Amino acid sequence: MKVADLRKLLKDAGSEELIKIISELYRHIPKALKENDDEGIDQIIQKILSQKREAQSSGKKTKEEKNTFKFEELENEIETFISNANNNYYIAPNRVVAKSKRSKWRFEVMRFIKQLKSIDYKSAYYEESTRLLIELFELLSYGCGIYVFRSDDPFASIGLSQYNFYKLICEREFIKDFKDVRIDKLLKLATDSVLDRQNLNYFMISKLCENLVDENDIEETLETAINRYNKTKSTPVVRTPFGNEDYTHRNHLEHQIEAVMCLYFLQHKYDEGCKFYWDEMIRNKINGRNQEITFYCLLDRLSFFGGDDLLWTEMYKKYSKGITPRERLKELYIEKMKALK
């Protein structure tokens, strides 16, 4: 039998069968051939096994080397990437970003996120890695409203939804002591970000609130949210020709009001939360003169942020005066009243 025929014969053999065959063959080999110093069977076996171990060790080392990186180099790479994106170098002809690299931006972002996520809380670079994740989130959110890449939904392009990215940032922030949490930044990301196709601002607001447990932390966050809202409300809108500054300003106000409402609810101050929402939405004419839309939104947010049926029906009665609710709201009110009896 030739070697090729032997290989073919042994191809489908299991490990136990191979051990049995080799052991039997070895038993029939003369001792002189087994222990020959130059090309003995023992030396051949040891050499093959040694090569295998070296290959495994080399492969493991290569894998470990691939997973290591210098943070300073990664930081510089990310900041350069963000700068290039903001300068439209990934969508317009330029001499800074090569044409062949412009369509591969999403692979760069995916690598950045993977590497930044791998930095442990105990690392000296933890704070900076989270800051860079926040900056990437802001860039991708900006790209949902204005083209910075050849995609109108950058989050979908990298396979990570905006909500899950925000969730990742919250998890990394709240692992620290509350005094070190970038609470103002988290509120800003939740209320002022341009959205991807699957997200809503109050989804992120709710995720932020889920991480607040201590009463003092909730109170401090509420104070920060109210201050942010008052500052936004008092800041004059700088209008530009053909711009949509008024819409953006109203949009920010609406979601900042939602954030305050949710935080009041965390303190079980449902009347105060609903009153703040109603008064400020009407005062700022967020929905124009149509109070029914504001009424609908109030009840919708109340349900989403954890209000029960009893509270829902009470707020329905309180704020429906002088308003003709849509038919679906009337039906819901009747259903909830029957369930409460």
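In the block above lies the structure referred to throughout.
None of these values were measured; they are calculated from a predicted model. (Residues numbered from 1 in each chain as written. Predicted model: local features only at pLDDT ≥ 70, side-chain atom pairs only at ≥ 80, totals over all residues. Heavy atoms only, no water.)

This part covers the overall build of the protein chain. Tallying secondary structure elements over the protein chain gives 18 helices and 0 strands in all. Residues classed as buried in the protein chain amount to 38% of the 341 residues present. When contacts within the protein chain are restricted to residue pairs at least 6 apart in sequence, those whose partners lie at least 24 apart make up 62%. Of the roughly 21,300 Å² of accessible surface on the protein chain, 52% is carried by carbon and sulfur atoms. (Helix = DSSP H or I, 4+ residues; strand = E, 2+ residues; numbered from the N terminus. Buried < 20%, exposed > 50% of the residue type's maximum accessible area, 1.4 Å probe, protein only. Contact = heavy atoms within 4.5 Å. Areas by Shrake-Rupley, 256 points an atom, 1.4 Å probe, with all protein chains shown as cover.)

What follows covers the nonpolar core. Counting 78 residues, the largest nonpolar core has Phe81 and Phe165 as its most contacted members. Looking at this core, the element that brings in the most residues is helix α14 (residues 245-266), giving 9 residues. Setting aside its immediate chain neighbours within four residues, Phe165 contacts Ile113, Leu133, Leu136, Phe137, Leu140, Phe155 and Leu160. (Core = buried A, V, L, I, M, F, W, Y, C linked by side-chain atoms within 4.5 Å.)

This part takes up unusual backbone geometry. With glycine set apart, most residues show a phi of negative sign, and most peptide bonds adopt trans. Residue Asn88 is not a glycine yet carries a positive backbone phi of 65°. Tracing the backbone through its elements, the reader meets Asn88 in the loop between α5 (71-86) and α6 (99-102). In the Ramachandran plot, His268 falls in the positive-phi region, its phi being about 65° despite a non-glycine side chain. On the basis of relative accessibility, which here comes to 59%, the residue His268 falls in the exposed class.

Another point: α5. Compared with the 22 Å implied by 1.5 Å per residue over 16 residues, the 22 Å span of α5 between its first and last C-alpha is a close match. Residues of α5 that are buried include every one of Phe71, Leu74, Glu75, Ile78, Phe81, Ile82, Asn84 and Ala85, and no others. Taken together, the buried residues of α5 touch α7 (105-117) and α8 (126-142). At the exit of α5 stands Asn88, carrying a positive phi of roughly 65°. (Expected span 1.5 Å × (residues − 1).)

Everything listed is a geometric property; what it means functionally is a separate question.
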